[in-house]
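Summary of the model geometry
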Amino acid sequence: MKTSAPIVLRIGMSLIILWFGVQQIIDVTAWVGYLPAWTTVLPVSQHGLIYLNGTFEIVFGIFMLLGFYTRFVTVLLALHLFDITYVVGYNAIGMRDLGLAIATLAVFLYGEDAFSFDVIWKRI
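Cut-off values and rules
Residues numbered from 1 in each chain as written. Predicted model: local features only at pLDDT ≥ 70, side-chain atom pairs only at ≥ 80, totals over all residues. Heavy atoms only, no water. Phe/Tyr/Trp six-rings, centres within 6.5 Å; stacked < 30°, edge-to-face > 60°. Helix = DSSP H or I, 4+ residues; strand = E, 2+ residues; numbered from the N terminus. Buried < 20%, exposed > 50% of the residue type's maximum accessible area, 1.4 Å probe, protein only. Lys NZ or Arg CZ within 6 Å of the ring centre and 35° of its normal. Patch = residues over 30% accessible without salt bridge, like charges linked within 9 Å, V, L, I, M, F, W, Y side chains within 5 Å. Areas by Shrake-Rupley, 256 points an atom, 1.4 Å probe, with all protein chains shown as cover. Salt bridge = Lys/Arg side-chain N within 4 Å of Asp/Glu carboxyl O.

**Section: the packing of aromatic side chains**
Taken as a whole and assessed by the stated rule, the structure comprises nine aromatic pairs. Centroid distance Phe-56 to Phe-60: 4.7 Å. Interplanar angle 35°. Geometry classified as tilted. Highlighted residues: Phe-56 and Phe-60, both in helix α3 (residues 46–66), separated by four residues, approximately one helical turn. By relative accessible area, which is 24% here, Phe-56 ends up partly exposed. Plain terms: the ring middles of Phe-63 and Phe-68 are 5.2 Å apart, the flat faces sit at 70° to each other, and that makes the pair edge-to-face. Phe-63 sits in the partly exposed class, given a relative accessible area of 29%. The ring of Phe-108 is capped by Arg-71, whose NZ or CZ atom sits 5.6 Å from the centre of that ring.

Put into structure tokens, the structure is as follows:
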């Protein structure tokens, strides 16, 4: 059971991140309301920011799902989620994202697991 926990956590977190990324690409307008007001002065439109964020989450979510560059990918995703938590603030969504950030940090701390691409590649 203990050897399964890191695998389940990595796959579960990657599926959550992938879900959020896909939802942002499918319905960009629904996510604009989550952006802070200061993003309106950036040289990239708010819709563009959502597309970039969604693409980041899809690409890195796939890498996390596969266990490809596990530590590098998960530390970036954890930092990303901690940043979202900070921007969103102390509310229900912020606390949910804090939990997701901590879970992703746990995957980073554990590193590659038995079914990650990183480990399988070393065996070949």
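**Focus on a nonpolar patch on the surface**
Taken together, the side chains of Ile-62, Leu-66, Phe-117, Ile-120, Trp-121 and Ile-124 present a nonpolar region at the surface, about 630 Å² in accessible area. For the nonpolar patch, the secondary structure elements donating two or more residues are α3 and α6 (117–123). Per-element accounting of the nonpolar patch gives the leading share, three residues, to α6. Summarising the element assignment, Ile-124 is placed in the segment after α6.

**Structural notes on unusual backbone geometry**
Its identity is not glycine, yet Tyr-69 carries a phi of approximately 50°, on the positive side. By secondary structure assignment, the location of Tyr-69 is in the loop between α3 and α4 (70–88).

So, to be careful, I would describe these as geometric facts and stop short of saying anything about function.
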